[in-house]
Every structure is written in C-alpha cells, then in structure tokens.
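Letter by letter, the chains look like this.
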Amino acid sequence: MAPTAKLLLADLASSGVKQIPSNYIRPISDRPNLSDDHFSDGSIPMIDLNGLNGPNHSTVIGQIGQACQRDGFFQVKNHGIPEEMISNVLDIARQFFKLPESERLKNYSDDPSKTTRLSTSFNIKTEQVSSWRDFLRFHCHPLEDYVHEWPSNPPSFRKDVAEYCRSVRGLVLRLLEAISESLGLERDFIDKKLGRHGQHMAMNYYPPCPQPELTYGLPGHTDPNLITILLQDDVPGLQVLRNGKWIAVNPVPNTFIVNIGDQIQVLSNDRYKSVLHRAVVNSERDRISIPTFYCPSPDAVIGPPKELIDDENPAVYRDFTYGEYYEKFWNKGLVRECCLDLFKPSHNTT
Ligand code: OGA
Ligand code: NI
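Along each chain, the written sequence defines residue order, and numbers are assigned to residues from 1. Note on labels: chains are lettered from A, ligands numbered from 1, in written order. Totals for whole chains, interfaces and linings use all residues, but because this is a predicted model, local features are given only for residues with pLDDT of at least 70 and pairs of side-chain atoms are given and counted only at 80 or more. The side-chain values count all of the structure's non-hydrogen atoms but skip hydrogen atoms and water molecules.

The protein appears in an unreviewed UniProt entry as Fe2OG dioxygenase domain-containing protein from Salix dunnii. UniProt positions are given in the numbering used here, feature names are shortened, and annotations may be inferred rather than shown by experiment. Within the UniProt record for the protein, the comment given under Cofactor (unreviewed entry) is "L-ascorbate".

> So what's going on with the site of ligand 1? Which residues, and what values?
What surrounds ligand 1 is the set Asn204, Tyr206, Leu218, His221, Asp223, Leu230, Leu238, His277, Arg287, Ser289, Pro291 and Phe293. Whenever a nitrogen or oxygen atom comes within 3.5 Å of another N or O atom, the pair is scored as a polar contact, on the condition that within protein one atom can donate a hydrogen and the other can accept it, and that pairs from neighbouring residues in sequence are kept only if both atoms are in side chains. Interatomic distance of 3.1 Å between a side-chain N/O atom of His221 and an oxygen atom of ligand 1. Side-chain polar atom of Asp223 to an oxygen atom of ligand 1: 3.3 Å apart, as the coordinates give it. Throughout, the Shrake-Rupley method with a 1.4 Å probe supplies accessible areas, and for residues the shown protein chains are the sole cover considered. Across the complex, the protein chains shield 96% of the 290 Å² of accessible surface that ligand 1 would expose by itself. Cavity means a closed set of points on a 1 Å grid over the protein atoms alone, one where a 1.4 Å probe fits but cannot get out, pocket means an open set with protein on both sides within 12 Å along at least 5 of 7 lines, and lining means a residue has an atom within 4 Å of a point. Molecule-in-pocket calls rest on the fraction of atoms, with more than half required to lie within 2 Å of the cavity or pocket grid points. If you map ligand 1 onto the pockets, it falls in the largest cavity. Listed by contribution, the elements that provide at least two residues to the shell around ligand 1 are strand 6 (198-206), strand 7 (218-221) and strand 13 (287-295). Its residues assigned to classes, the shell around ligand 1 comprises six nonpolar, four polar and two charged. Residue proximity to a molecule or strand is established when one non-hydrogen atom of the residue lies within 4 Å of it. By definition, any uninterrupted DSSP run of H or I lasting at least four residues is a helix, any uninterrupted run of E lasting at least two residues is a strand, and each is numbered from the N terminus. As a working rule, the residues Ala, Val, Leu, Ile, Met, Phe, Trp, Tyr, Cys and Pro are called nonpolar, Asp, Glu, Lys and Arg charged, and the rest polar, with Gly in that last group.

> Summarise the coordination of the nickel ion (ligand 2); cite the residues concerned and give the values.
Perfect tetrahedral coordination of a metal by four donors corresponds to 109.5 degrees between them, and perfect octahedral coordination by six donors corresponds to 90 or 180 degrees. Coordination sphere of the nickel ion (ligand 2), protein contribution only: His221 (NE2), Asp223 (OD) and His277 (NE2), at 2.1 Å. Note: metal donors comprise N, O and S atoms at 2.8 Å or less from the metal (3.2 Å for Na, K and Ca); water molecules are not included, so apparent gaps in a site are possible. When the donor residues of the nickel ion (ligand 2) are listed from N- to C-terminus, their spacing reads H-x1-D-x53-H. Taken together, the positions of His221 in strand 7 and His277 in strand 12 (residues 277-279) put the pair 56 residues apart, joining distant regions of the chain. His221 gets classed as buried once you look at its relative accessible area, which sits at 7%. Using a 1.4 Å probe on the protein chains alone, a residue whose accessible area is under 20% of its type maximum counts as buried, one over 50% counts as exposed, and one in between counts as partly exposed.

> Residue-level account of empty space enclosed by the protein, with values.
Grid points are joined across faces, edges and corners, and a volume is the space filled by probe spheres set on the points. On inspection of all chains with the given rule, the structure shows one cavity of 30 Å³ or more. Each pocket or cavity is described by its volume, and for the largest cavity that value is around 350 Å³. Contributing to the lining of the largest cavity are 29 residues, with Leu218, His221, Asp223, His277 and Phe293 lying nearest its centre. The set of elements that each furnish at least two residues to the lining of the largest cavity consists of strand 5 (134-141), strand 6, strand 7, strand 8 (227-232), strand 11 (256-260), strand 12, strand 13 and helix 9 (322-331). Element by element, the count of residues in the lining of the largest cavity is highest for strand 13, at four residues. A class-by-class count of the residues in the lining of the largest cavity yields 17 nonpolar, seven polar and five charged.

> Can you explain the layout of surface pockets? Please cite residues and give values.
Considered as a void within the structure, the largest pocket measures approximately 510 Å³ in volume. Taken together, 27 residues line the largest pocket, and the ones lying closest to its centre are Thr115, His139, His200, Pro298 and Tyr326. Those elements that place two or more of their residues in the lining of the largest pocket are strand 5, strand 6 and helix 9. A per-element tally of the lining of the largest pocket places helix 9 first, with six residues. The residue makeup of the lining of the largest pocket, split by class, is ten nonpolar, twelve polar and five charged. Taken as a whole, the second largest pocket encloses approximately 350 Å³ of empty space. Lining of the second largest pocket is provided by 21 residues; of these, Lys6, Leu7, Leu12, Asn23 and Tyr24 occupy positions nearest its centre. Counted by class, the lining of the second largest pocket contains eleven nonpolar, seven polar and three charged residues.

> Any details on the side chain of Gln239? Residues and values, ideally.
With respect to the helices and strands, Gln239 occurs in strand 9 (residues 238-242). You can call Gln239 buried: its relative accessible area is 1%.

> Before we move on, can you summarise the packing of helix 2 (residues 57-70) against helix 6 (residues 157-182) with the specific residues and values?
Interaxial distance between helix 2 and helix 6 falls to 9 Å at its minimum, and their mutual angle equals 85 degrees. The orientation of helix 2 relative to helix 6 falls into the category roughly perpendicular. The segment helix 2 lies against helix 6, with His57, Ile61, Ile64, Gly65 and Cys68 engaging Leu175, Ala178, Ile179, Glu181 and Ser182. By residue class, the composition of the contact of helix 2 with helix 6 is six nonpolar, three polar and one charged. Structural elements are reduced to axes, namely lines fitted to C-alpha atoms, with helices fitted over the stretch in contact, and the angle between N-to-C directions of any two is expressed from 0 to 180 degrees. Any angle from 65 to 115 degrees is called roughly perpendicular, while one under 35 is roughly parallel, one over 145 is roughly antiparallel, and all others are oblique. In this description, contact between two residues means that some pair of their heavy atoms is separated by no more than 4.5 Å.

> Lay out the environment of Thr255 with the relevant residues and their values.
With respect to the element layout, Thr255 can be found in the loop between strand 10 (245-248) and strand 11. With 169 residues separating them along the chain, Thr255 and Ile86 place their C-alpha atoms 9.2 Å apart. Not counting the four nearest positions on each side in its chain, Thr255 is found in contact with Met46, Gln75, Val76, Lys77, His79 and Leu231. In this structure the side chain of Thr255 is engaged in a polar contact, spanning 2.7 Å, whose partner is the backbone oxygen of Val252.

> Let's hear about helix 2: which residues, and what values?
Relative to the 20 Å expected for 14 residues at 1.5 Å per residue, helix 2 spans 20 Å between its end C-alpha atoms, a close match to the ideal helical length. Every buried residue of helix 2 is listed here: Val60, Ile61, Ile64, Gly65, Ala67 and Cys68. Projected down its long axis, helix 2 carries its buried residues within an arc of 165 degrees, all on one side. In this structure, helix 2 carries Ser58 and Arg70 as exposed residues pointing more than 90 degrees from its buried face. For helix 2, the secondary structure elements touched by its buried residues are strand 2 (46-48), strand 3 (73-77), helix 6 and strand 11. Downstream of helix 2 by a residue or two, Gly72 has a phi angle that is positive, lying close to 70 degrees. An expected span of 1.5 Å times one less than the residue number is assigned to each helix. By definition, the arc is the one covered by directions from the helix axis to the C-beta atoms.

Here's what the structure looks like:
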C-alpha cells in the first residue's frame, strides 16, 4: 500500500525513512558542508545586561553597538527572564510537537497571512526546495488580540506562552533603547518609528534527518523584521556567516541570541548589519528553537533617519512601508537571501 501523504514533516520523519524525499535535496553547490563547519563556542559576543542600569551603562551600550556593527549577532545573559520560564516554554514547544498528528493538524495552514498557524518548510506555495522543518507561528502583541487563536493543547500553552511573550517584549524594549542610544539617537527613536509594534513568535521543530548533508532546516537568510530574540534548546544547529565562513553558535543555557533584522540595518543606514544565518539538521536528535520576531506595524514608514545622513553618508535606502517589505520577503520563498537591495534608490523596479 502506498504511504499516505503527510502534511507535516515530523510525521514523515518519524515513519523511519532512510532517504529524504527529492524535494528536500539541495543542488550540490548549495549544501551544508557539515564536516567543515567551524564549531566554536562563544563565537559571537556575549553581553552581560546586568550593567545596563548601573555605572557601566555606557560600556554596555558600546558593546552592543560594536556587536551590531561587526557581527549583527550577540548573546545576552542576565537578561531578567527567569530560568523556569525559559525551560517551561521549551517544554511546552516540545510537548506541542509530540501531540498526535490529528491534534497538531487542527492548527495547520499554508497561508502566510494567517496570524496563528502550523506549517512546514518555509512557504510551500512559492518555494522550489523544501526545508527540514515544521513550525508553529503566531502573533503575540497585543496579546489580547491573538491569545484566543493559539493552540489550547498542551493545556498551559496560552497562559505560559503569554507570560513568556510579555517578558521577551520587555527585553526587546530595553534592547531597542540601547540600540538607539548606541547610534547616537534619542533612546525612544526606534520605538517611535514602529507605529503599532508587532511581535510574532515561532516554535521551530527540526526532526532528526537521515541525510543532513543534503538539506537545511532553514537555508541562509536574513530576518526581515526589526530584531529577533532566539531561544534554542541544547541541540546545536544555528550557524552564522562571518567573514565568508559559516560558524556554529552552540547553545549556552539560559541565554538568548539577539540578531539585527533588515529593518535595523535600514534604520541605521547600513551601520548595523542584518547577517545571513541558517539552521542545519542532524541525524540523531530533534531540535527546537523559539525565535521572537519584533516588527514595525505594516503601515510604519521605514527609512534611514536624517540624523544619520550627511554628504559622506548618503541615504542607502528609499523610504518604504514595512508591509511592502514583508510581502516581498514571503513571496520570494527564501530563494533570494535578503530583500534589502530591492529598496535601494538605484534598484530598477521595471
Ligand atoms: C529563524 C531562524 C534559526 C534557528 O527562524 O528565522 O533563523 O536556529 N532560526 O532555528
Ligand atoms: Ni532567521
């Protein structure tokens, strides 16, 4: 009997396939070189946020500015989010992806405009090659607009994830102030640019993969939003491009990984970098990561601020709305690694 088609990767992966289906296989020129990837802990700066509210304030602002400029990525410790809350949200994600297929499928949709949905790969409607990932993605600010759409299983999902979202939002707001300050702007500069702030969250589930050298959990991309706060479990998989080489960012318990998204690159007029990163998979263990994507409102106008433009530093981008940017991002199916070039004044739209 022919196997029944599976909507979700987890259910295909757990059926004991020895070879990945052909739609997951990347062309030879675009495969992870797992033996060559450089695994080094602490490869991106670790910033201790304890100092942000004391006499070391300006040192920490300097560290954040330097990390945004050189790495586009940093890790944070002493961020104020309790350990129990972190382990709990990872547990809830793990439990969610272990629910029976029929229970998970209640949340399934392949329409990227839905504000709560479970899906697979990246955008199965537009992409050429699939990615070895399932994901639950949902909006979470303002909470009261969205919580009722979220999964109600595991039973504590809504209450506990809402609490986590609130805490991460507090962390983001502190970081946005610090980043504004590090650019020499008013502390509330970025906050004010965002219109009605948006906060989305994903729970990424990467099942074990029988041929991890042929595919990606997520291929190289930059994040289209403002800033991302990533929580990962204890299984390595995240890689960041630095000086033309992919380096692994191995898990450090109770820390978050912060990365600059495309919108901060624009708001800093290219001083801060939205850096390519990707997720590789492995044949042994499944992996969970939980990114929070902080976003401008779709109608917010984003462009280089006049404070950062002069004769030597002309505006690198035209003004655009975040809605316009975001639509381009989802429609390209992660074929184009980054959309920023489309918004340079020199880009010919015809
Ligand atoms: C993302 C992402 C990395 C990871 O979801 O945008 O880059 O390690 N995730 O899951
Ligand atoms: Ni990303």
